[in-house]
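Structural characterization, general
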Amino acid sequence: MSNPKTYNHGVDWEESFGLTQGYSINDTIYISGQFSHDLQGQFVGEGDFEAQARQTLENLDRVLEGFGVTRSNIAEMEIFLTNPQEHFEQCVVLFKEYVGDHRPAGTLIGVSGLAFPHQLIEIRAVAHTN
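Since this is a predicted model, take the numbers as computed values, not measurements. (Residues numbered from 1 in each chain as written. Predicted model: local features only at pLDDT ≥ 70, side-chain atom pairs only at ≥ 80, totals over all residues. Heavy atoms only, no water.)

1. Section: the overall build of the protein
In terms of helices and strands, the protein carries three helices and six strands. Scanning the protein from its N terminus toward the C terminus, one meets helices and strands in the order β-α-β-β-α-β-α-β-β. Over its C-alpha trace the protein gives a radius of gyration of 14 Å, about what one expects of a compact globule, namely 14 Å for 130 residues. When the 130 residues of the protein are sorted by exposure, 41% land in the buried category. Of the roughly 7100 Å² of accessible surface on the protein, 48% is carried by carbon and sulfur atoms. For the protein, the distance from the average site of its 7 positive side-chain charges to the average site of its 18 negative ones is 8 Å. (Helix = DSSP H or I, 4+ residues; strand = E, 2+ residues; numbered from the N terminus. Rg over C-alpha atoms; globule rule 2.2 N^0.38 Å. Buried < 20%, exposed > 50% of the residue type's maximum accessible area, 1.4 Å probe, protein only. Areas by Shrake-Rupley, 256 points an atom, 1.4 Å probe, with all protein chains shown as cover. Lys, Arg positive; Asp, Glu negative; His and termini not counted. Charge placed at Lys NZ, Arg CZ, Asp CG, Glu CD.)

Right, here's the structure in full:
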(Lines give C-alpha, C1' and ligand atoms only; values in the text may rest on other atoms or scores of the structure.)
Protein backbone atom coordinates (compact mmCIF):
# COMPACT_ATOMS: atom_id res chain seq x y z
CA MET A 1 0.00 0.00 0.00
CA SER A 2 1.45 3.37 -1.00
CA ASN A 3 1.49 6.45 1.18
CA PRO A 4 -1.37 8.85 0.52
CA LYS A 5 -0.64 12.19 -1.15
CA THR A 6 -2.83 15.27 -0.98
CA TYR A 7 -3.32 18.49 -2.91
CA ASN A 8 -4.89 21.78 -1.82
CA HIS A 9 -5.48 25.06 -3.66
CA GLY A 10 -4.14 26.96 -0.64
CA VAL A 11 -7.33 28.90 0.14
CA ASP A 12 -8.23 29.76 3.74
CA TRP A 13 -11.40 27.69 4.04
CA GLU A 14 -9.77 24.34 3.17
CA GLU A 15 -8.37 24.01 6.69
CA SER A 16 -11.52 25.29 8.38
CA PHE A 17 -13.66 22.78 6.39
CA GLY A 18 -11.26 19.96 7.30
CA LEU A 19 -10.79 18.64 3.78
CA THR A 20 -8.26 18.28 1.03
CA GLN A 21 -9.02 19.01 -2.64
CA GLY A 22 -7.46 15.77 -3.78
CA TYR A 23 -6.38 12.59 -2.03
CA SER A 24 -4.34 9.98 -3.88
CA ILE A 25 -3.66 6.46 -2.70
CA ASN A 26 -2.85 3.26 -4.63
CA ASP A 27 -2.88 5.03 -8.03
CA THR A 28 -6.38 6.48 -7.47
CA ILE A 29 -7.10 10.19 -6.96
CA TYR A 30 -10.30 11.16 -5.15
CA ILE A 31 -11.15 14.77 -5.97
CA SER A 32 -13.40 16.79 -3.68
CA GLY A 33 -16.30 18.68 -5.18
CA GLN A 34 -14.90 21.63 -7.10
CA PHE A 35 -16.82 24.85 -7.55
CA SER A 36 -16.36 28.35 -8.91
CA HIS A 37 -13.73 30.21 -6.88
CA ASP A 38 -10.47 31.98 -7.62
CA LEU A 39 -7.12 31.26 -5.98
CA GLN A 40 -7.95 33.69 -3.17
CA GLY A 41 -11.04 31.61 -2.38
CA GLN A 42 -13.51 34.25 -3.63
CA PHE A 43 -16.65 33.10 -5.44
CA VAL A 44 -16.62 33.72 -9.23
CA GLY A 45 -19.50 34.11 -11.69
CA GLU A 46 -22.57 34.86 -9.58
CA GLY A 47 -25.64 34.30 -11.78
CA ASP A 48 -23.54 33.16 -14.79
CA PHE A 49 -23.67 29.38 -15.31
CA GLU A 50 -21.01 29.24 -18.02
CA ALA A 51 -18.55 31.34 -16.01
CA GLN A 52 -19.12 29.12 -12.97
CA ALA A 53 -18.76 25.90 -14.98
CA ARG A 54 -15.55 27.05 -16.66
CA GLN A 55 -13.99 28.17 -13.36
CA THR A 56 -15.04 24.89 -11.73
CA LEU A 57 -13.39 22.88 -14.52
CA GLU A 58 -10.29 25.07 -14.28
CA ASN A 59 -10.10 24.25 -10.57
CA LEU A 60 -10.51 20.54 -11.39
CA ASP A 61 -7.59 20.86 -13.84
CA ARG A 62 -5.54 22.47 -11.07
CA VAL A 63 -6.10 19.46 -8.79
CA LEU A 64 -5.19 17.04 -11.58
CA GLU A 65 -2.02 19.03 -12.30
CA GLY A 66 -1.19 18.85 -8.59
CA PHE A 67 -0.87 15.08 -9.04
CA GLY A 68 0.93 15.35 -12.39
CA VAL A 69 -1.96 14.01 -14.48
CA THR A 70 -4.39 15.41 -17.05
CA ARG A 71 -8.09 15.22 -17.96
CA SER A 72 -7.47 11.93 -19.75
CA ASN A 73 -6.78 10.36 -16.33
CA ILE A 74 -10.33 11.04 -15.12
CA ALA A 75 -12.23 7.78 -14.63
CA GLU A 76 -15.49 9.23 -13.29
CA MET A 77 -17.13 12.64 -12.90
CA GLU A 78 -20.19 13.57 -10.89
CA ILE A 79 -21.79 16.90 -11.74
CA PHE A 80 -24.26 18.53 -9.39
CA LEU A 81 -26.57 21.24 -10.77
CA THR A 82 -29.02 23.37 -8.80
CA ASN A 83 -31.14 23.93 -11.92
CA PRO A 84 -30.70 20.89 -14.17
CA GLN A 85 -33.67 21.69 -16.43
CA GLU A 86 -32.24 25.11 -17.29
CA HIS A 87 -28.54 24.19 -17.43
CA PHE A 88 -28.50 20.58 -18.68
CA GLU A 89 -27.82 21.25 -22.36
CA GLN A 90 -25.20 23.92 -21.68
CA CYS A 91 -23.55 21.60 -19.14
CA VAL A 92 -23.34 18.77 -21.68
CA VAL A 93 -21.71 21.09 -24.24
CA LEU A 94 -19.13 22.29 -21.71
CA PHE A 95 -18.51 18.75 -20.44
CA LYS A 96 -17.88 17.42 -23.97
CA GLU A 97 -15.58 20.38 -24.70
CA TYR A 98 -13.68 19.64 -21.47
CA VAL A 99 -13.20 15.87 -21.94
CA GLY A 100 -12.69 15.90 -25.73
CA ASP A 101 -12.31 12.37 -27.07
CA HIS A 102 -11.89 10.94 -23.57
CA ARG A 103 -15.01 9.19 -22.25
CA PRO A 104 -15.05 8.95 -18.44
CA ALA A 105 -18.02 7.53 -16.58
CA GLY A 106 -20.38 10.31 -15.57
CA THR A 107 -23.38 11.18 -13.48
CA LEU A 108 -25.42 14.40 -13.51
CA ILE A 109 -27.48 15.07 -10.41
CA GLY A 110 -30.03 17.81 -9.78
CA VAL A 111 -29.89 19.18 -6.24
CA SER A 112 -31.94 21.72 -4.30
CA GLY A 113 -28.85 23.60 -3.18
CA LEU A 114 -25.08 23.50 -2.79
CA ALA A 115 -22.68 24.75 -0.12
CA PHE A 116 -22.73 28.40 -1.21
CA PRO A 117 -25.90 30.35 -1.99
CA HIS A 118 -24.88 31.53 -5.50
CA GLN A 119 -23.39 28.18 -6.52
CA LEU A 120 -25.03 26.62 -9.61
CA ILE A 121 -22.59 23.74 -10.21
CA GLU A 122 -20.18 21.46 -8.36
CA ILE A 123 -18.05 18.67 -9.83
CA ARG A 124 -16.31 15.81 -8.04
CA ALA A 125 -14.16 13.23 -9.77
CA VAL A 126 -12.08 10.11 -9.46
CA ALA A 127 -8.91 9.80 -11.53
CA HIS A 128 -5.96 7.44 -11.82
CA THR A 129 -2.24 8.07 -11.82
CA ASN A 130 -1.15 5.25 -14.14
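2. Here we look at the sheet that holds strand β6 (residues 121-128)
Pairing is mixed in the open sheet, where six strands are placed in the order β1-β2-β3-β6-β4-β5. Of all the strands in the sheet, the pair left with one neighbour each is β1 (5-7) and β5 (105-110). Averaged over all pairs of adjacent strands, the angle between strand axes in this sheet comes to 10°, irrespective of strand direction. Two strands pair when backbone bridges link them, and β1 and strand β2 (residues 22-25) are joined in this way by three bridges, in the antiparallel orientation. Within β2, the residue paired with Thr 6 across the bridge is Tyr 23. On the sheet, helix α2 (residues 49-66) packs against β1, β2, β3 (28-34), β4 (74-81) and β6 and is oriented at approximately 25° with respect to β6. (Pairing = 2+ DSSP bridges. Axes fitted to C-alpha atoms, helices over the stretch in contact; angles between N-to-C directions. Contact = heavy atoms within 4.5 Å.)

3. Quick look at empty space enclosed by the protein
Applying the stated criterion to the full structure yields one cavity of 30 Å³ or more. Empty space within the largest cavity amounts to approximately 50 Å³. At the level of secondary structure, the elements contributing two or more residues to the lining of the largest cavity comprise α2, β4, α3 (84-99) and β6. It is α3 that provides the largest number of residues to the lining of the largest cavity, a total of three residues. Split into classes, the residues belonging to the lining of the largest cavity amount to nine nonpolar, no polar and no charged. (1 Å grid on protein atoms, 1.4 Å probe; cavity = no way out; pocket = protein on both sides within 12 Å on 5 of 7 lines; lining within 4 Å. Points joined across faces, edges and corners; volume = space filled by probe spheres on them. Nonpolar A, V, L, I, M, F, W, Y, C, P; charged D, E, K, R; others polar.)

4. Details of the packing of aromatic side chains
Applying the stated criterion across every chain, the model contains four aromatic pairs. Members of the aromatic cluster, each reached through a chain of ring pairs, are Trp 13, Phe 17, Phe 35 and Phe 116. (Phe/Tyr/Trp six-rings, centres within 6.5 Å; stacked < 30°, edge-to-face > 60°.)

5. Some remarks on the environment of Glu 86
Within the fold, Glu 86 resides in helix α3. Among the polar contacts listed, one links the side chain of Glu 86 to the side chain of Asn 83, at a separation of 2.9 Å. (Polar contact = N/O pair within 3.5 Å; in protein donor to acceptor, adjacent residues only side chain to side chain.)

6. With respect to the environment of Leu 120
Structurally, Leu 120 can be placed in the loop between β5 and β6. Separated by 94 residues in sequence, Leu 120 and Asn 26 have C-alpha atoms that sit 33 Å apart. Excluding anything up to four places from it in sequence, Leu 120 contacts Gly 47, Asp 48, Phe 49, Gln 52, Phe 80, Leu 81, Thr 82, His 87 and Leu 114.

7. A closer look at a nonpolar patch on the surface
Together, Phe 88, Val 92 and Leu 108 make up an exposed nonpolar region whose accessible area comes to about 220 Å². Within the secondary structure, Leu 108 is located in strand β5. (Patch = residues over 30% accessible without salt bridge, like charges linked within 9 Å, V, L, I, M, F, W, Y side chains within 5 Å. Salt bridge = Lys/Arg side-chain N within 4 Å of Asp/Glu carboxyl O.)

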